[in-house]
Amino acid sequence: MKHIVTVQDVVTAFAPDLEPTAAELDAIEREAPLIDAELELLDVQIALLDRRITALDGRRLRRAANKVLAERAELANHAVSVREGDAA
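A brief report on the enclosed structure follows. Only a predicted model underlies this, so the values are computations on that prediction, with no experimental measurement involved.

1. Points about helix α1 (residues 22–47)
Part 1: Over its 26 residues, α1 runs 37 Å from end to end, which matches the ideal 38 Å to within 8%, given 1.5 Å per residue.
Part 2: E31 marks the point of greatest bend in α1, at about 45 degrees, and the proline P33 comes within the next four residues.
Part 3: Turning to α1, its buried residues number three or more, namely L34, A37, L41 and V44.

2. Considering a nonpolar patch on the surface
Part 1: On the surface, I35, L39, L42, I46 and L49 cluster together into a nonpolar patch covering about 490 Å² of accessible area.
Part 2: With respect to the helices and strands, L39 occurs in helix α1.
Part 3: Here L39 falls in the partly exposed class, since its relative accessible area comes to 46%.

3. Focus: the side chain of D57
Part 1: If you trace the backbone, D57 turns up in helix α2 (residues 55–87).
Part 2: Taking the relative accessible area as the measure of exposure, D57 reaches 7% and is therefore buried.
Part 3: Ignoring any residue separated from it by four or fewer positions in sequence, one finds D57 in contact with L48, R51 and R52.

Conventions used here
Residues numbered from 1 in each chain as written. Predicted model: local features only at pLDDT ≥ 70, side-chain atom pairs only at ≥ 80, totals over all residues. Heavy atoms only, no water. Helix = DSSP H or I, 4+ residues; strand = E, 2+ residues; numbered from the N terminus. Expected span 1.5 Å × (residues − 1). Bend = angle between axes of the 7 residues up to and from the residue. Buried < 20%, exposed > 50% of the residue type's maximum accessible area, 1.4 Å probe, protein only. Patch = residues over 30% accessible without salt bridge, like charges linked within 9 Å, V, L, I, M, F, W, Y side chains within 5 Å. Areas by Shrake-Rupley, 256 points an atom, 1.4 Å probe, with all protein chains shown as cover. Salt bridge = Lys/Arg side-chain N within 4 Å of Asp/Glu carboxyl O. Contact = heavy atoms within 4.5 Å.

Shown next as structure tokens:
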């Protein structure tokens with residue numbers, strides 16, 4: 001029996017001790033509220049998958065979606081203000 005193996009090099013370098021840089025950690029920290037809001041929206045959507053949406057459920061869904069939009073706007077505004085600060 002012949003074994004089939006790949007003959008290509010590894011696409012990404014593997015370094016077990018490779019850690020995120022301070023800039024990457026800062027970016028994750030800035031995006032954490034957005035990630036939390038998206039998880040909350042996903043939780044609401046999952047909860048509503050197999051039942052009829054009541055008025056209360058609709059409010060929960062809108063509130064979670066609005067929270068995601070607010071966090072995205074906050075993150076975008078922060079990015080713009082940082083770029084304007086660098087240009088000056």
